[in-house]
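Commentary on secondary and tertiary structure
One letter stands for each residue in the lines below.
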Amino acid sequence: MADTFSFNVNSDDLKKRSDHIKMGIHQAPARSLLYATGQVSNPEDMKKPFIAICNSYVEIIPGHVHLRELADVAKQAIRDAGGIPFEFNTIGVDDGIAMGHLGMRYSLPSRELIADSAETVITAHWFDGVFFLPNCDKITPGMIMASLRCNVPSVFVSGGPMKAGLDPQGKATTLSSMFEAVGAFKSGLMTEDEFLEMEQNACPTCGSCAGMFTANSMNTLMEIMGIALPFNGTALAVSDERRDLIRDGAKQLMRMVKENVKPRDLITKEALDDAMALDMAMGGSTNTVLHVLSIAHEAGIDYNQADINEIAKKVPYLSKIAPSSKWAMEDVHKAGGVPAIINELIRMGGILHPDRMTVTGKTLRENVADHEILNDEIIRKFDVNPYSKQGGLSILYGNLAPKGSVIKAGGVDPSIKTFTGEAIVFNSEQDAVDAIDAGKIHAGHVVIIRYEGPKGGPGMPEMLGPTSAITGMGLGKEVALVTDGRFSGASRGISVGHVSPEAADDGPIALVADGDQITIDLTNRTMHLHVDADELDQRHQQLKPFVPKIRKGWMARYQALVTSANTGAVLKGADELFPN
């Protein structure tokens, strides 16, 4: 934990951004309004740094229901360290609850709203520092994007993972277990009593879902990027340790304000490479690819999706976590947490850039130097028994995905290196779900779900329902799923997403027909449609123009501005909208 730090509020050696709204005769009306908030009590308070707490308290998201309480812990710590806290809130979408219906189309786009809203409040009020309090789904990357736009001293402490649940046999469960139980119940592999018992016990506490899904993937990646404290990704939401992280994070933020350490000082090309290396070592969510690309965009860093494969080739898979194993985030924490994994990667040499500075005021190497693996069954050693010598994510290229696609290779059965199957094509997720429920999907199928990309969806919805149903039916090794949409971090199996260009942009996935042969080659990182070029040209000539699905509301604007998955599905900027 950091030493106690506080400002000398009588010192004039700190030039504060917030002076723009509170200093000088002309700002007397603003000071009157600041007194009215109750956060500022006297002229001495006006001399202190103004610190925003960017919260994401939303009662329908279990990973966020406790953030109101954590914000109060942060406020007190900020006051104790000599700052004045002001809390504001962003929106949030719970992917698990929004899954499988219209709501999922709003999930990825909400990342842009979160970034925009945080940017608006921080910039309009000239805060000196920002304490970001995210946890789930698109909230974390949205806040990181905002921090880079504003480039104000910032620290991130997420809400932490929930405890794992227990199934009727006493085995640990996570949300992915519940999704797969749907397929098992429909197939007669689970009784109604077992199904209902699991439903009520799979998610027993507040916090982000207990496996290595998107939320926990991003929350661990923040540790290695250097914008969050050690153990941010694994300390449980309900633990005292989580509250200690909040207090320590507030102290570190106040130091960063004084030293003017900003997000762009920490999030560099090397930090993003290290983030993807950790993701490979832990088999994180495929969504991290989207988010790292969007973070790079906001930081002004040229980051190519193809570079991720080069990282994957040299990083071993060290910790296999649910949904790819029985281990939950709390097990990883007990085994040494992310610091132990980072330390192991540093020992390999040539993988990480360990001498980068972090929010602790120390280098990454210094942060993890004393953290060892405490259970080598959960976190394996690189030179003894890694799950594989290469990382848990792969970017696949080929004539079906000329600009790339993403697969969570660590979630595929190790016996499968290549898969060739027959395409069965659906133009929406719902059509595919109906076919799965009707028993129309069989071993040897490659399920194609298209027109579900960033523009076509719109919003690039996750396909956890179809993948979980296929796995729950016992077809996880016999059926592949390929989509221009995306997958939940809870997905596993032969699931290829982010196919670019998407169908709505005339990508080759729009030309696939029932019965076409498709080969997915994990060894060579390719995906090939076995149809000759002349036939594809003929199909393209007959292809009907894409018609947007939504014509009103902000999603219509999103649909018009969003770019491809291979660029992070960010929105078009001024250079693209006003090229002259």
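Residues numbered from 1 in each chain as written. Predicted model: local features only at pLDDT ≥ 70, side-chain atom pairs only at ≥ 80, totals over all residues. Heavy atoms only, no water.

As recorded in an unreviewed UniProt entry, the chain goes by the name Dihydroxy-acid dehydratase, listed as coming from Leuconostoc litchii. Under the heading Subunit (unreviewed entry), UniProt records this for the chain: "Homodimer." According to UniProt, the comment filed for the chain under the heading Sequence similarities (unreviewed entry) is "Belongs to the IlvD/Edd family." (UniProt positions renumbered as here; feature names shortened; annotations may be inferred.)

**Some details on the nonpolar core**
F50, F131, I144, L272, M276, Y303 and I342 are the most contacted members of the largest nonpolar core, which totals 105 residues. Among the elements that line this core, the one with the most residues is helix α13 (residues 269-282), at 8 residues. Among residues more than four places away in sequence, those in contact with M276 are T288, V289, V292, Y303, I308, I311 and L393. (Core = buried A, V, L, I, M, F, W, Y, C linked by side-chain atoms within 4.5 Å. Buried < 20%, exposed > 50% of the residue type's maximum accessible area, 1.4 Å probe, protein only. Helix = DSSP H or I, 4+ residues; strand = E, 2+ residues; numbered from the N terminus. Contact = heavy atoms within 4.5 Å.)

**Things to note about the packing of aromatic side chains**
Per the stated rule, a full pass over the model turns up 8 aromatic pairs. For the pair F185 and F195, a centre-to-centre distance of 4.7 Å together with 15° between the ring planes defines the contact as stacked. Taken together, the residues F185 in helix α8 (residues 175-186) and F195 in helix α9 (residues 192-201) connect sequence positions 10 residues apart. Look at F185 and you get partly exposed, because its relative accessible area is 32%. (Phe/Tyr/Trp six-rings, centres within 6.5 Å; stacked < 30°, edge-to-face > 60°.)

**Structural notes on unusual backbone geometry**
Among all residues save glycine, negative phi is the norm, and among peptide bonds the norm is trans. A cis amide bond, omega 15°, links A322 with the succeeding residue P323. In this fold, P323 is placed in the loop between α15 (307-314) and α16 (329-334). For the peptide bond that leads from S500 to P501, omega is -5°, which places it in the cis range. With respect to the helices and strands, the residue P501 is situated in the loop between β12 (494-497) and β13 (517-521). Despite not being glycine, R525 has its phi angle at roughly 55°, a positive value. With respect to the secondary-structure elements, R525 resides in the loop between β13 and β14 (526-529). R525 sits in the buried class, given a relative accessible area of 8%. Despite not being glycine, A569 has its phi angle at roughly 55°, a positive value.

**Thoughts on the side chain of N343**
Relative to the elements of secondary structure, N343 occurs in helix α17 (residues 337-348). Here N343 falls in the buried class, since its relative accessible area comes to 8%. In this view, N343 contacts V368, A369, H371 and E372; residues no more than four positions away in its chain are not counted.

**Topic: the sheet that holds strand β1 (residues 50-55)**
The strand order across the open sheet built from 4 strands is β2-β1-β3-β4, with neighbouring strands paired in parallel fashion. Each edge of the open sheet is held by one strand with a lone partner, namely β2 (84-89) and β4 (154-156). The mean angle between the axes of side-by-side strands here comes to 20°, regardless of whether they run parallel or antiparallel. Looking at chain direction, β1 and β2 are connected through 6 bridges and run parallel. Each residue of the ladder has a partner; that of N55, found in β2, is N89. (Pairing = 2+ DSSP bridges. Axes fitted to C-alpha atoms, helices over the stretch in contact; angles between N-to-C directions.)

**What about helix α19 (residues 429-437)?**
Taken residue by residue, α19 has E429, A432, A435 and I436 as its buried positions. The arc that holds the buried residues of α19, viewed along the axis, is 125°, so those residues lie on one side. At its buried positions, α19 is contacted by β9 (418-426), β10 (445-449) and α20 (464-472). With its phi angle positive at about 75°, G439 sits one or two positions after the end of α19. (Arc of directions from axis to C-beta.)

**Section: α13**
Helix length check: α13, at 14 residues, gives a terminal C-alpha distance of 20 Å against a target of 20 Å (1.5 Å per residue), a fit within 8%. Those residues of α13 not exposed but buried are A271, L272, D273, D274, A275, M276, A277, L278, D279, M280, A281 and M282. (Expected span 1.5 Å × (residues − 1).)

**Quick notes on the UniProt feature "domain: Dihydroxy-acid/6-phosphogluconate dehydratase N-terminal" (unreviewed entry) in the chain**
In the numbering used here, UniProt assigns the feature "domain: Dihydroxy-acid/6-phosphogluconate dehydratase N-terminal" (unreviewed entry) to residues 48-367. Split by type, residues 48-367 is 51% helix and 8% strand. Its first and last C-alpha atoms lie 30 Å apart.

**Let's talk about the environment of D534**
Looking at the secondary structure, you find D534 in helix α21 (residues 533-542). A residue is classified by how much of its surface remains accessible, and D534, at 57% relative accessible area, is exposed. Remark: the alpha-carbon pair of D534 and G226, spanning 308 residues in sequence, is separated by 50 Å.

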